[in-house]
Amino acid sequence: AEDGIRDSSVTGVQTCALPICECDRFIRAGLWPASVPPVGREVRGKVCGIVGLGKIGMAVAKRAIACDMTVRYQGPRRKADVDYPYHEDVLGLARESDCLVITCPLVPATRHLVDVKVLGALGADGFLVNVARGPIIDEDALIAALAERRIAGAGLDVFRDEPRVPEALRALDNVVMTPHVGSTTFEIREGRKRMVLENLRAHFAREPLFSPLP
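Here the structure is a predicted model, which is why all the values come from computation and not from measurement. (Residues numbered from 1 in each chain as written. Predicted model: local features only at pLDDT ≥ 70, side-chain atom pairs only at ≥ 80, totals over all residues. Heavy atoms only, no water.)

Visitor: Describe the overall build of the protein chain, naming the residues involved and giving the relevant values.
Guide: Helix and strand counts for the protein chain come out as eight helices and seven strands. In terms of overall dimensions, the protein chain is globule-like: its C-alpha atoms have a radius of gyration of 19 Å, near the 17 Å expected for 214 residues. Seen through its principal axes, the protein chain has C-alpha atoms that stretch 65 × 45 × 35 Å. Scored against the burial criterion, the 214 residues of the protein chain give a buried share of 42%. Considering only contacts in the protein chain between residues 6 or more positions apart, those separated by 24 or more positions represent 57%. When the accessible surface of the protein chain is split by element, carbon and sulfur atoms take 57% of a total near 12,400 Å². If you average the places of the 28 positive and of the 28 negative side-chain charges in the protein chain, the two averages end up 4 Å apart. (Helix = DSSP H or I, 4+ residues; strand = E, 2+ residues; numbered from the N terminus. Rg over C-alpha atoms; globule rule 2.2 N^0.38 Å. Buried < 20%, exposed > 50% of the residue type's maximum accessible area, 1.4 Å probe, protein only. Contact = heavy atoms within 4.5 Å. Areas by Shrake-Rupley, 256 points an atom, 1.4 Å probe, with all protein chains shown as cover. Lys, Arg positive; Asp, Glu negative; His and termini not counted. Charge placed at Lys NZ, Arg CZ, Asp CG, Glu CD.)

Now the structure itself:
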């Protein structure tokens, strides 16, 4: 499941910076070549700030580096085996980031971690990508920041009260949304099926389970 989430987060960065959805609508509306298509931004040379540098965050960092981005991160503690610059708080990371990617777990300490102050620090040229859990972001503050162009855009795969996505969010043209499908691929679903079957086989054979619960 993590592979799909990793790839969806970097795709979210690229889709936010390059207005793929807007350009698709532009062509479908028959506006080309009579009008000028939307102008995007390069991710090359930009700073990707990652909130939560676990297995998924590390994989996002690897893909961001491949896109010639610089990586910074924030988490509950500095990682001794990581060379990326570390920030003790999300506010400081947002100030230094062109794109802020959320990959941390939802726990009491991370609920509304991305609030109006963090969005303000990200700034009018900054992008937000969330592939973690919806409540990590103050959704009302995000809607206001997007509507008022206080951030450049957002890529969201998760929401506060999914599948109920606010109309105010759906009406915005500077946000790209997917219905929590970061891990929805044929390969991942086949892998899950094989895991279930292997666990059942091991259980009835009285062997150690392939993926026991912690």
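Now that the structure is up, let's keep going.
Visitor: If you had to explain the packing of aromatic side chains to someone new, which residues and values would you point to?
Guide: A complete count under the given rule lists one aromatic pair for this structure. Seen from their ring centres, Y73 and Y86 are 5.1 Å apart, and the 55° between their planes marks the pair as tilted. Pair noted here: Y73 is in strand β2 (residues 70–74) and Y86 is in strand β3 (residues 86–87), with a separation of 13 residues, a long-range link. Among the residues examined, Y86 registers a relative accessible area of 14% and is labelled buried. (Phe/Tyr/Trp six-rings, centres within 6.5 Å; stacked < 30°, edge-to-face > 60°.)

Visitor: Explain empty space enclosed by the protein to me, using residue names and the numbers behind them.
Guide: In this structure the tally under the stated criterion is two cavities of 30 Å³ or more. N130, G134, I137, E139, L142, L156, V158 and F159 together form the lining of the second largest cavity. Across the lining of the second largest cavity, the residue classes tally to five nonpolar, two polar and one charged. (1 Å grid on protein atoms, 1.4 Å probe; cavity = no way out; pocket = protein on both sides within 12 Å on 5 of 7 lines; lining within 4 Å. Points joined across faces, edges and corners; volume = space filled by probe spheres on them. Nonpolar A, V, L, I, M, F, W, Y, C, P; charged D, E, K, R; others polar.)

Visitor: Give a detailed account of the environment of P163, specifying residues and quantitative values.
Guide: Inspection of the secondary structure assignment puts P163 in the loop between β6 (153–156) and α7 (167–170). A residue is classified by how much of its surface remains accessible, and P163, at 73% relative accessible area, is exposed. For P163 and W32, which are 131 residues apart along the polypeptide, the C-alpha to C-alpha distance reads 34 Å.

Visitor: Before we move on, could you go through the sheet that holds strand β5 (residues 127–130) and cite the residues and values that matter?
Guide: Strands sit in the order β3-β2-β1-β4-β5-β6-β7 across an open sheet of seven strands; the sheet is parallel. Edge positions in the sheet fall to β3 and β7 (175–177), since each of these pairs with one other strand and no more. Bridge count for β6 against β7 is three bridges, and the pairing is parallel. Opposite G155, over in β7, you have V176 as the bridge partner. This element, helix α6 (residues 139–147), spans β5, β6 and β7 of the sheet and lies at about 140° to β6. (Pairing = 2+ DSSP bridges. Axes fitted to C-alpha atoms, helices over the stretch in contact; angles between N-to-C directions.)

Visitor: Lay out the confidence of the model for the protein chain with the relevant residues and their values.
Guide: Summarising the model, the protein chain shows a mean pLDDT of 90, and 92% of its residues fall at 70 or more. Taken as a whole, residues 1–6 scores under 50 in pLDDT and shows 18 contacts with residues more than four places along the chain or in a different chain. (pLDDT = per-residue confidence, 0-100.)

Visitor: An account of helix α3 (residues 55–66) is requested, with residue identities and associated values reported.
Guide: If you check α3, its first and last C-alpha atoms are 17 Å apart, about what 12 residues at 1.5 Å a residue would give, namely 16 Å. The complete set of buried residues in α3 reads I56, G57, A59, V60, A61 and A64. Among the residues trailing α3, D68 stands out with phi positive, at a value near 65°. (Expected span 1.5 Å × (residues − 1).)

Visitor: I'd like to hear about the pattern of salt bridges, residue by residue, with values.
Guide: With the rule as written, the count across this model stands at 12 salt bridges. Residue E167 pairs with R170 through a salt bridge whose shortest N-O separation is 3.1 Å. Of the two residues, E167 and R170 both sit in helix α7, three residues apart, roughly one turn of that helix. On the accessibility criterion, E167 (49% relative accessible area) is partly exposed. A salt bridge links E190 to K193; the shortest N-O distance between them is 3.4 Å. (Salt bridge = Lys/Arg side-chain N within 4 Å of Asp/Glu carboxyl O.)

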